[in-house]
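Here is what each chain is made of, one letter per residue.
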Amino acid sequence: MGLESAMGEGYFTTTVDSLAKWSRSNAVWPMPMGLACCAIEMMAFAGPRYDAARFGSEVMRFSPRQSDVMIVAGWCSYKMSHAIRRIWDQMPDPKWCIAMGACASTGGMHRCYGVVQGVDNFLPVDVYISGCPPRPDSLLNALMKIQEKIRNEQSVLLDTNE
Amino acid sequence: MDLDKTQSEYNATFFKEHQKALYKSLEDKHTTVEIDKDDPLETQMILNMGPQHPATHGVLRIVMELNGEKIVRSKLDIGYLHRGVEKIAENKTYQEFMPYTDRMDYLAPYSNNVAFCLAVEKIAHIEVPERAQYIRMICSELARISSHLLWLGTMLMDAGAVSFFIWTFRERERLYDIFDEVAGHRFTVSHSRIGGVANDFTEDALNSINEFVGAFPKELKDWNKFLNRNRIFIDRNKDVGVVDHEKAIDLGLTGPTLRATGIAYDIRKFDPYMLYNQIDFEVPTRLEGDNLARYFCRMEEMAESIKIIKQCLGKIKKGPIRTDNAKKAYPSKDEVYYSMEGLIHDFMMTDTGVCPPDGAESYHSVEGPKGELGYYIQSDGTGHPWRVKVNSPSFSNLQGLEQILDGEMVADTVVIIGGVDPVMGESDK
Amino acid sequence: MSEKTAKEQFLDDIKKYLGDDLLEIQDGYEFPNILIRKDRLHETCQWLKHEQHFIYLVDVFGTDRFTSEGRFEVIYNVVCLRTRVRIFLKVRVEEENPSLPTLSDIWRSANWNERETYDMFGITFEGHPDLRRMYMPEDYQYYPLRKEFPLIGVPGSIELPSTTPDKA
């Protein structure tokens, strides 16, 4: 947001800040990096019973340029890690990352040569979800944690890249 | 297409050798389609349908050379979900390996469990009681319905009809409730144990299965009414991705993809396992070999599964759910808690596990929803297998996909992938 | 009943065809494991496909026996749809420069399976139209399913992306 440049250096109101945070937290559009079984639970999370749209995640935007949070669902192999990193780099700030499931968080039950032992080896993860696969309720909980994080930690003025 | 020109435009920053080899092999691919050498409008291009794309079949990468809208030739790149399950198997006991089988074809985990259990029971000569076999059959067929529901939802969502995804997921949630009741987990259950199943059906579980079996055929009928004569659906799927039966056998296709070309190869009839030879059901086949035929095969398979479940529910009788032999199967929890021998046997089974004879080998295949899923086990006498090879149907079907895609329109790619229905967790073991 | 005699008939046929090159038939299992000599592989498979109608190749894979001679064994899982017979054809290859003739000109389904065997064990297939690795990237130096390869992999053998964004 070019708020700082429009209103002059150092000038912001807390109401503008909270307005921006409120709107950002209630419209978190996920980019599903659905790799494996957790992707099916993520589809259920977007499905009719555990509806994610009522939390603001109206659409699953498959384009990184249009999304806010990347949900890495499933084990990440070494071959795939570069593609994931590339997609992460294409997402515009502010962005968050959810590591869904045991495999994305730490490699899970797959302690072997092909699996990266935790996606946080190359991505800055905000919320980790445990479970194999976690119930969609857990994913909703993680989404709510991201919303809380946005409301509490984000600040419009500090939201610059340098 | 000049490879140097392509390479300079494409700045590969990782796995350079890999990208170079992939594009080179695309250039070298033999095909009988004529390529127009003089191309003033530059209609030829190489399109990379990368490992991450919205057609949610997992991480499949297709590199295709296009001439306008037609795919001249294409190459698949898989392995983005490889974890070395076969290597892991060599370090785990047979029962410890069970959850890994769940995560292979993660749309119908129960069939994978059953396949592995059957292979181990064959190599170790374990007899499974009848009630356990019926439970396994009922749950395998429910898993087959679940997998086909997801196939239907995603294929139609990719073709544009998004509401179908929601409807099929509503039905899948009912199935998840049943599995939750039966096994404790929504879908990656590890319910089937070596020597039987983990726990018996409760009254609630049986009631919910009966309810599902009663309510589901009506849904199927509604969907059939909606789609079978739908002009848009038929136009999108008729004569798309045609395979004739000789090519299908030569390419090694399996499952509904093969049955849609006319070959009635279903392991449940070819080489019956469990109690399928006592159940009366049909194997749907079609002759056209196009996407519409695959659709019809799968829809009819869902109806047949309901028939099988009804018959099994009629025939199931009270009895033990796991074999009694202490060296071959875990004792029941009652025994473990209340008797010393039960405790010791439980410990030995967890520590060492089933020990098949040294040098023994076995192969057992089941008819999974995607096709013939087989496990080949070589034993060295210890509780860890020496070699486990998984013959995954999606791997064979994807091999065929490379040949099916040549000559098709690029907009049909998504529908064809949906029709072949690969699961990357399985093909990328 | 007829399936058993079809299997026995086939075993007699293959014994007659191969003679001494048929090293061993392990028939204690439901599907016979037939071990043959490496140099008769290609013509045996031609005979299997054209004379005996084994038109469906289900799987090709390798195992590492970890013995000093004939270390690797490549197994072909072939099915005859007409007589409902399934056999496992086995061939042993040495540890030094393991290689076999390709069968992808007989059964096209051998293509990817042989690539997978090459990727996992390092067994090359002569005449294969496209021998690249299947699962691991082409830059990878090792063959994962060999017994000496550790489960956790060799640290540093495959690169992870950098944590600073690309400057491009």
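Counting from 1, residues in each chain are numbered in the order their sequence is written. Think of it this way: whatever chain is written first is A, whatever ligand is written first is 1, and the rest follow in order. Restriction of local features to residues with pLDDT of at least 70 applies here, the model being predicted, together with a cutoff of 80 or more for giving and counting side-chain atom pairs; totals for whole chains, interfaces and linings are based on all residues. Based on all heavy atoms of the structure, the side-chain values leave hydrogens and waters out of the count.

### Overview of the overall build of chain C
Point 1. Looking only at helices and strands, chain C has three helices and seven strands in total.
Point 2. Comment: elements are numbered from the N terminus, with helices defined as DSSP H or I runs of at least four residues and strands as E runs of at least two. Reading chain C from its N end, one meets helices and strands in the order α-β-β-α-β-β-β-β-α-β.
Point 3. By principal-axis analysis of the C-alpha atoms, chain C measures approximately 70 × 35 × 30 Å.
Point 4. Classification of the 168 residues of chain C by burial places 56% in the buried group.
Point 5. For this analysis, residues touch if any pair of their heavy atoms sits within 4.5 Å. The contacts in chain C between residues at least 6 apart in sequence include a share of 49% that link residues at least 24 apart.
Point 6. Separation between the mean location of the 22 positive side-chain charges and that of the 30 negative ones in chain C comes to 4 Å. Only protein chains enter the calculation, and the probe is 1.4 Å; a residue is then buried if its accessible area is under 20% of its type maximum, exposed if over 50%, and partly exposed in between. Under the convention used here, Asp and Glu are negative, Lys and Arg are positive, and both His and the chain ends fall outside the count. Lys charges are placed at NZ, Arg charges at CZ, Asp charges at CG and Glu charges at CD.

### Regarding the pairing of strand S5 (residues 85–93) of chain C
All names here are of chain C.
Point 1. A large share of S5 lies buried, amounting to eight of its nine residues.
Point 2. When DSSP finds at least two bridges between two strands, those strands are taken to pair. Taken together, the four bridges between strand S2 (residues 33–36) and S5 define a ladder with parallel strand orientation. Bridge pairing links Leu 35 to Lys 90 in S5.
Point 3. Judged from the nine bridges that link them, strand S4 (residues 72–80) and S5 form a sheet pairing that is antiparallel. When the bridges of S5 are listed, Glu 73 appears paired with Arg 92.

### Comments concerning the packing of aromatic side chains
Point 1. Pairing of aromatic rings covers Phe, Tyr and Trp, the last through its six-membered ring, and needs centres within 6.5 Å; plane angles under 30 degrees mean stacked, over 60 mean edge-to-face, and all others mean tilted. Tallied over the entire structure, the rule returns 33 aromatic pairs over all chains.
Point 2. Charge-over-ring placement is defined geometrically: NZ (Lys) or CZ (Arg) within 6 Å of the ring centre, and within 35 degrees of the ring normal. It is Lys 95 of chain A that lies over the ring of Trp 88 of chain A; its NZ or CZ is 4.6 Å from the centre.
Point 3. Here the guanidinium or amino end of Arg 298 of chain B rests over the ring plane of Trp 151 of chain B, the centre of that ring lying 5.1 Å away.

### A look at the pattern of salt bridges
Point 1. Any carboxyl oxygen of Asp or Glu that lies within 4 Å of a side-chain nitrogen of Lys or Arg is treated as forming a salt bridge with it. Counted according to the given criterion, the structure contains 47 salt bridges over all chains.
Point 2. Its salt-bridge partner being Asp 89 of chain A, residue Arg 85 of chain A comes within 3.2 Å of it at the nearest N-O pair. Within this pair, Arg 85 of chain A and its partner Asp 89 of chain A are both found in helix H4 (residues 78–90), separated by four residues, close to a single helical turn.
Point 3. Note on Asp 89 of chain A: relative accessible area 24%, which makes it partly exposed.
Point 4. A network of salt bridges, in which partner residues are shared, links Glu 141, Arg 144, Arg 259, Asp 266, Arg 268, Glu 301 and Glu 367 of chain B.

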